[in-house]
Every structure is written in C-alpha cells, then in structure tokens.
Amino acid sequence: MTRRVVYTRGGAPADVLTVIEEPEPVAPERGQVLIRTTAFPVHPGDLHLIEAGPGDAVDPVTPGIEATGVVEAIGPGTRVAPGVEVGVRVTVFPQPGSWAQRLVADAEAVVAVPEELPDEVAAQMLANPLTAVMLRREAQEHLAFGYDGCLVQTAAGSSVGRLVTGVSQFHNFALVNIVRSERGAAELRKRFPDVPVVSTEHPGWADEVRKAAGGRPVSVAFDAIGGKMTRSLMDILAPGGKLVSYGMIAEDPISVHASTLVSKSLTLRGKNIISGWPSEASPERRASDIATAKQIALALKDQFDVAATYGLDEVPDAVEHAVQPGKVGTVLVRTW
Ligand SMILES: NC(=O)c1ccc[n+]([C@@H]2O[C@H](COP(=O)([O-])OP(=O)(O)OC[C@H]3O[C@@H](n4cnc5c(N)ncnc54)[C@H](OP(=O)(O)O)[C@@H]3O)[C@@H](O)[C@H]2O)c1
C-alpha cells in the first residue's frame, strides 16, 4: 500500500487536507518514471491552489508540484534525462500531485540530483531556482539591466528572494532588497552584507530605496506581493522600467491609473514558472535552465534553508507553518 495527501474541496489547507492509503501504482508506461519519494516542499503556490479549489466535493486531488525521491522503475522505451536510472536520487518538477509516497511521473519532469546535495536541498532543487532563472531572464531583457540599471525586489527574505540575491551577486547585478520588517532586514543584512535592504516599516521607505540605488535608474522590479506594493514600485521605477509580477501575497488588486504606465512607458509583466516555463521554453532551453538550477543549488546550498520538517501525518501543521510570518526557509514533509 502507498499513501498520498488529498483534498476533495477547496478551503483552508489545514482543514481540507487528509492522507489516504491505496494500492501501489502499476508499472510505469512509456514516457513515465515510478518514484518512491522521500520528501516534498510546501510552496505558497501549492497552498493557493488548494484554497482556490472547487466548492463542491470532487474526486480526491493530490496537491504539490515538486518532490525528491528514488527511481523504482522506468517505463519501456522511455527517454530520460542524463543520470536518471533505477536506484538513482531524483527531483521532479513540474509534477502535479507530488505530495505522495509514490509518483508515476512524466519522464520529462524527472531530473537526477547531484550527489553533493542533501535531500533537504534536493527537495527544493527545481521550482525556486528555476523561478530565479526565469526572473533573471525577464530582467535581462531590459537594456539597462546589467549596465547602470538597478534591480529591486520585494519579499526579498523569501526562499525565492534569497536565491535572486545570490544569483545577482554571481552576475554583479546592482540590487536593492525590500522586506516588510526591520527583523527581516537585519536577517538579510547578515546573509548578504553587501546588498542594501530597505524595510517598508518606515513611512519614507520608497525614498530609502531610491537612495540605496545610488543614483542608478531603477530599471526592473520583481514583485511577489501585488496590490498597493506594485503601485509603489511603479512610482520608484525609472522611465522605461519593467515590473515583473510573480506572486499574489496581497489580497487587494493592483490599482494603477493608465497615466502611470503611459507617462513613464512602463512594462508590467506577469510570470509563472508552472504554466509559463514548460510551454514557453524549448526542450534545449529547459535542459539549460535545469543545468543552471542545479548550479544554483550547488553554489547557494546555504540559502536553501528548511524552516521545519514534518511527517506525512503532520501535513496540517506543515501547511500552517508554511504561512507563518517571519519563517525563514521552506517547510518540508518527509514521506516515510
Ligand atoms: N510565479 C512563480 O512562478 C512563482 C514561483 C515560486 C514562488 N512564487 C511566489 O513567490 C513568493 C515567495 O515564495 P517563497 O516560496 O520564496 O516564499 P517563502 O519562503 O514562504 O517567503 C514568503 C515571504 O513573503 C513575505 N511576506 C508574506 N506576507 C507578506 C506581506 N503581506 N507583505 C510583505 N511581505 C510578505 C514573508 O516575509 P516575512 O519574513 O516578513 O514573513 C517572506 O519573506 C510567493 O508569493 C510565491 O507564491 C511564484
């Protein structure tokens, strides 16, 4: 028998999630890989999907998009990525229904894990690093980026934000980090002493961001929040600037008068690694991005903090922990 997390209607994740037991999956078919998972991360996007789930009960749906584990079988005639074979440690992404002990995964989503990486990093090796790669690519489309243009990002202490900071340091991009508290700012300053951090706790924070940019034009903003924050970032952006919206933390809508966009020729772009990357990127680009994600995991191992690890029977605690203010790192669930 094997166990998986399910919900049958949308709602607060801690209330609607449960674990069911069922027979083990049959052997994988062509194009599939059977994986015995060891751990999965609880990403904010997983929780949004559960909250927005159907109002009326439906067949059990398993949440999740990423997990790590060991290959048990490969479907006949299946093309797999380099290094993927029976007995090897892998991570899968994007793989809907990853919160399970066993997964019959799409072979295209299965990636071998470098030996040097512990399971805690392997469990988060793809979704967030690929998001950082996707965002970097968006920024680099701006002509001033990488020259005199400066990047700002909100929710900079998040798991994604720390990777964006690390990647910006590799490439020597000018960056100003924005967080919502002095506590979060102090934590980030400790990790990245050379990167300015501004807390929105202070009323004059927008001027502090401009000052921290040191006279460079603020060309690109990555925004995980939305709502009023997006509007404030548009005010901070230099003419011709680009705002990349990739998170939906704020409940209020983004409200902006057309004149703000028009007078400064701003670009507002939404990006999503789950629906965007697999469909927009060619197989070659996906392979290249995965190689970069592995390099990020290897080089920035210390930025893959685990906020806490829970067991499969503790999923309600895990999902509550995942939204706690001030948490640093990703919540993981061990599947056995
Ligand atoms: N579009 C995509 O493809 C994609 C992919 C991955 C992630 N994301 C999004 O990226 C964001 C970060 O994900 P993650 O896994 O890195 O998150 P995480 O590690 O759980 O961190 C969440 C961060 O959000 C901050 N935060 C929460 N509520 C806030 C608020 N009301 N105002 C300001 N800051 C707030 C927290 O700050 P404190 O430290 O102060 O609590 C924390 O730093 C999420 O919104 C997620 O949905 C999008």
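Quick caveat, the model's predicted, so the values are computed rather than measured. (Residues numbered from 1 in each chain as written. Predicted model: local features only at pLDDT ≥ 70, side-chain atom pairs only at ≥ 80, totals over all residues.)

Time to look at the domain arrangement of the protein. Along its sequence, the protein is carved into domain 1 (2-124 + 304-334) and domain 2 (128-270). If you look at the interface, domain 1 gives six residues, while domain 2 gives six residues. Grouping the constituent residues of the side of domain 1 that touches domain 2 by class yields one nonpolar, five polar and no charged. (Domains from an automatic or database assignment. Contact = placed C-beta atoms within 7 Å. Nonpolar A, V, L, I, M, F, W, Y, C, P; charged D, E, K, R; others polar.)

Right, let's talk about the site of the ligand for a bit. Around the ligand, the structure places 26 residues, and the nearest of them are P44, S158, S159, G247 and I273. Ranked by residue count, the leading element in the shell around the ligand is helix α4 (residues 127-140), at three residues. Broken down by class, the residue content of the shell around the ligand amounts to eleven nonpolar, 13 polar and two charged. Counting residues domain by domain, the shell around the ligand receives three or more from each of domain 1 (2-124 + 304-334) and domain 2 (128-270). (Near = placed C-beta within 6 Å. Helix = DSSP H or I, 4+ residues; strand = E, 2+ residues; numbered from the N terminus.)

Time to look at the nonpolar core. With 88 residues, the main nonpolar core has V92, V152, V176 and A221 as its most contacted residues. Once residues within four sequence positions are removed from consideration, A221 is found in contact with V152, L233, I236, L237 and L243. (Core = buried A, V, L, I, M, F, W, Y, C linked by C-beta atoms within 7 Å. Buried ≥ 20, exposed ≤ 12 C-beta atoms within 10 Å, placed from the backbone.)

This part is about α4. Under the 1.5 Å per step criterion, the end-to-end length of α4 is 20 Å for 14 residues, consistent within 8% with the ideal 20 Å. A large share of α4 lies buried, amounting to ten of its 14 residues. Here α4 has its buried residues at A127, N128, P129, L130, T131, A132, V133, L135, R136 and A139. Contacts from the buried residues of α4 go to β8 (150-153), α5 (159-170), β11 (218-223), β12 (242-245), α10 (276-280) and α11 (283-299). (Expected span 1.5 Å × (residues − 1).)

All right, on to α5 then. For an α-helix, 3.6 residues make a turn, and residues three or four places apart therefore share a direction. In this model α5 runs 17 Å from its N-terminal to its C-terminal C-alpha over twelve residues, within 8% of the 16 Å that 1.5 Å per residue would give. Most of α5 is tucked away, with nine of its twelve residues classed as buried. Count one or two residues on from α5 and you reach N172, which has phi positive near 60 degrees.

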